[in-house]
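Here are the chains, one letter per residue:
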Amino acid sequence: MKKLLLSMSMLLWMCSFQTNAQSRINLEMYLVPQQHHQSLLNNPSPSVDFVTRTGLNLGLGLSYNINRDWQLVLQSWHVSSPFRFTQHPEHSGFAFIPGPQRINWGFSYSNFSLGLRRTWEMGENDLYAQPSIGVNLSREYGFNVQDSVLNFGFTTNVVPSASLEIGMKFNTPGNNYFLVGLRHHQGFGRLDGSIFTWTGVSPQPQVQRRGSYTGLVLGYGIDFRTRKGEDWRVTKMERKTEKRVAAWGDGTYVMFTTLQRFQPDFVQSNASGMNRLRPASQILFGYTSGQWSFETGYSSWMSQTKVNSQNFGWVSLNDPRTRAIPLRARYHLDVGQNNRLRVGVSAATFVTLNTVRMDETHRGAIMLNDERVPVLKSSPTDQNSGGRLFYQGGAFIDIPFFNSSILSFNFSQNFGSPEVGVVNVQEIVNGERVDYMKSGNLNGFNIEVGLKLPISTLVR
């Protein structure tokens, strides 16, 4: 991520430096959900059940308009490559692991590329194709043995790469544009490294990392072409007025929110992972009609399953995430003559989908009947957490943000939460096994911040 921020700074500097060529330069930002093409080499027996998960790429670029149909595109990418595998006790190297565990892992790298984009007019929009060449670069911390000396440090890997992107360019009246396309990126070499040093098998399993992926490109371009003349200034002021009216008026919108939830059952403890706050995030699609707004979308809530163990005191067993569909209604009043402030109340119902990130946990181990067993063990239950309801009520304040969007501050209370993150717990107390169940919930007070983007203003 630091490399991406540095690259962004350099690209922005280049953009501001080329003042004489601003009529030809565009700044582009990208978001790419992607599936990585990676595999496991030397898979041991029993298999570690290696599975590639969907990752997310962030990118920034500068495009230079050679002419109407051709652009030269310089891009910098931060690429994530997550995966999941099973850790078996016979290969773990740790005696206290009694059974197989599913583990989420991954790595990231940077890509720098130079591409040539060809566009074809398709009515008011453009079809485009863009081949690119560049390099994949990764840095990993590891060790090597040289002259019987164990050395630790960073290893830098650089391999050539190429990509092909095909999609549509949707132009807006303000000369900016959206990019929606498909991108395949291919690395030509190994980004070496392995996390499977604990397996104790030979040959050692390794992730085949070439930095290859296929993904969906979602981009936005800002046109820096020089604009002059009184007519343009008048048109710009008119467009600002239109956007402001659209942002505060009726119509559809999308809203991205993040919040912190104060857990009502929080217990002060020095135990690792024990925290009063749990985050959540939402993407909402809504419609405003008069003083009412109605929203739905997707939300993800983090909870905590904890126990006051007789052997270890307070222990955090899991930090699961519960996915849910929100159904929210909001009623507002505008304050002031210039629509600079909006206050209102909201009520919501959430329908749960499932709960993820549930893993087995262990604390300590003892020898019992010539067998090493954990002193504390928790295992996810088969309880279905989908189709349950919980509720929310609150108040909100909306203020303008960058003329065409709105910042929304929502203060609410969750109640009626079902049990989530349910686990079976086993403890060995005074040589006797004790079994019970523990769970978390989604109740609590929320402080939420959202960015509301009226869809009509995006195309003005």
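Residues numbered from 1 in each chain as written. Predicted model: local features only at pLDDT ≥ 70, side-chain atom pairs only at ≥ 80, totals over all residues. Heavy atoms only, no water.

Draft legend 1. Molecular detail of the overall build of the protein chain. Secondary structure summary: the protein chain contains four helices and 25 strands in total. In the protein chain, buried positions account for 43% of the 460 residues. Long-range contacts, defined here as pairs at least 24 residues apart, represent 68% of the contacts in the protein chain between residues at least 6 apart. For the protein chain, the exposed surface amounts to about 23400 Å²; the carbon and sulfur share of it is 58%. (Helix = DSSP H or I, 4+ residues; strand = E, 2+ residues; numbered from the N terminus. Buried < 20%, exposed > 50% of the residue type's maximum accessible area, 1.4 Å probe, protein only. Contact = heavy atoms within 4.5 Å. Areas by Shrake-Rupley, 256 points an atom, 1.4 Å probe, with all protein chains shown as cover.)

Draft legend 2. Spatial organisation of the nonpolar core. In terms of nonpolar packing, the biggest core is built from 21 residues, with Y30, F50, F83 and Y109 touching the most fellow members. Broken down by element, this core gets its largest block of residues, five residues, from strand β5 (residues 70-87). Counting nine residues, the second largest nonpolar core, distinct from the first, contains A280, A324, F390 and L442. (Core = buried A, V, L, I, M, F, W, Y, C linked by side-chain atoms within 4.5 Å.)

Draft legend 3. The arrangement of the packing of aromatic side chains in detail. Using the criterion set out here, one finds 11 aromatic pairs in the structure. Aromatic side chains F50 and F83 sit 5.1 Å apart centroid to centroid with 35° between the ring planes, which places their arrangement in the tilted category. Of the two residues, F50 is situated in the loop between β2 (39-41) and β3 (51-52) and F83 in strand β5; the sequence distance between them amounts to 33 residues. Among the aromatic residues, ring-to-ring pairing joins W292, F294 and Y331 into one connected group. Over the ring of Y128 we find R117; its NZ or CZ atom is 5.3 Å from the centre of that ring. Taking the ring centre of Y253 as reference, the NZ or CZ of K452 above it sits at 4.2 Å. (Phe/Tyr/Trp six-rings, centres within 6.5 Å; stacked < 30°, edge-to-face > 60°. Lys NZ or Arg CZ within 6 Å of the ring centre and 35° of its normal.)

Draft legend 4. A look at the environment of E295. Inspection of the secondary structure assignment puts E295 in strand β14 (residues 292-302). Separated by 31 residues in sequence, E295 and P326 have C-alpha atoms that sit 7.5 Å apart. Excluding its chain neighbours within four sequence positions, the residues that come into contact with E295 are Y253, M255, L284, F285, G286, P326, L327, R328 and R330. Among the polar contacts made by the side chain of E295, one reaches the side chain of Y253 at a distance of 2.7 Å. (Polar contact = N/O pair within 3.5 Å; in protein donor to acceptor, adjacent residues only side chain to side chain.)

Draft legend 5. Highlighting the sheet that holds strand β12 (residues 251-262). The strand order β12-β13-β14-β17-β18-β21-β22-β25 describes a closed barrel built from eight strands, whose pairing is antiparallel. Going from strand to strand, the sheet's axes swing by 25° on average, the running direction of each strand aside. Bridging between strand β17 (residues 321-335) and strand β18 (residues 341-356) involves 15 bridges; their strand directions are antiparallel. The residue of β18 that forms the bridge with R328 is A348. (Pairing = 2+ DSSP bridges. Axes fitted to C-alpha atoms, helices over the stretch in contact; angles between N-to-C directions.)

Draft legend 6. How the structure looks around the pattern of salt bridges. Scanning the entire structure with this criterion turns up 12 salt bridges. A salt bridge links E295 to R330; its shortest N-O distance comes to 3.5 Å. Placement of the pair is E295 in strand β14 and R330 in strand β17, with a sequence separation of 35 residues. Assigned by exposure class, E295 and R330 land together as buried. Put simply, E448 and R328 hold a salt bridge, and the shortest N to O gap is 3.5 Å. (Salt bridge = Lys/Arg side-chain N within 4 Å of Asp/Glu carboxyl O.)

Draft legend 7. Looking closely at the confidence of the model for the protein chain. Looking at the protein chain, the pLDDT average stands at 81 and 79% of residues meet or exceed 70. Confidence over residues 15-22 falls short of pLDDT 50; this stretch has eight contacts with residues more than four positions distant or in other chains. (pLDDT = per-residue confidence, 0-100.)

Draft legend 8. Broad picture of a nonpolar patch on the surface. A cluster of nonpolar side chains, L31, L56, F170, V180, L182, L216 and L218, forms an exposed patch at the surface whose accessible area comes to about 550 Å². Mapped by element, the contributors of at least two residues to the nonpolar patch are β9 (177-187) and β11 (213-223). Tracing the backbone shows L31 in strand β1 (residues 25-36). (Patch = residues over 30% accessible without salt bridge, like charges linked within 9 Å, V, L, I, M, F, W, Y side chains within 5 Å.)

Draft legend 9. Representation of the side chain of S132. With respect to the element layout, S132 can be found in strand β7 (residues 125-146). A relative accessible area of 4% means that S132 is categorised as buried. Side-chain polar atoms of S132 contact the side chain of Q130, separated by 3.1 Å. The residues touching S132, leaving out its near neighbours within four places in the chain, are Q75, S113, L114, G115, S161, A162 and S163.

Draft legend 10. Expanded view of the environment of I399. Among the structural elements, I399 can be located in strand β21 (residues 389-401). On the basis of relative accessibility, which here comes to 28%, the residue I399 falls in the partly exposed class. With residues near it in sequence (within four places) discarded, I399 still touches W248, R340, L341, S405, I406, L407 and F409.

Draft legend 11. Main features of the pairing of strand β24 (residues 432-440). Bridge analysis of strand β23 (residues 420-429) against β24 gives eight bridges, and the strand direction is antiparallel. Looking at the pairing, V429 lines up with E432 of β24. Once β23 ends, the chain turns through two residues before running back antiparallel as β24, passing N430 with a positive phi of about 55°.

Draft legend 12. Looking closely at the pairing of β11. Looking at chain direction, β1 and β11 are connected through nine bridges and run antiparallel. Its bridge partner being in β11, Y30 is matched across the sheet by G219. Pairing geometry for β9 and β11, over nine bridges, is antiparallel. Considered in β11, the bridge of F178 is made with Y220.

Draft legend 13. The arrangement of the environment of P418 in detail. Take P418: it is sitting in the loop between β22 (405-415) and β23. With 23 residues separating them in the primary sequence, P418 and N441 have C-alpha atoms 6.3 Å apart. With sequence-adjacent residues up to four places away left out, P418 is seen in contact with R388, L389, F390, G440 and N441.

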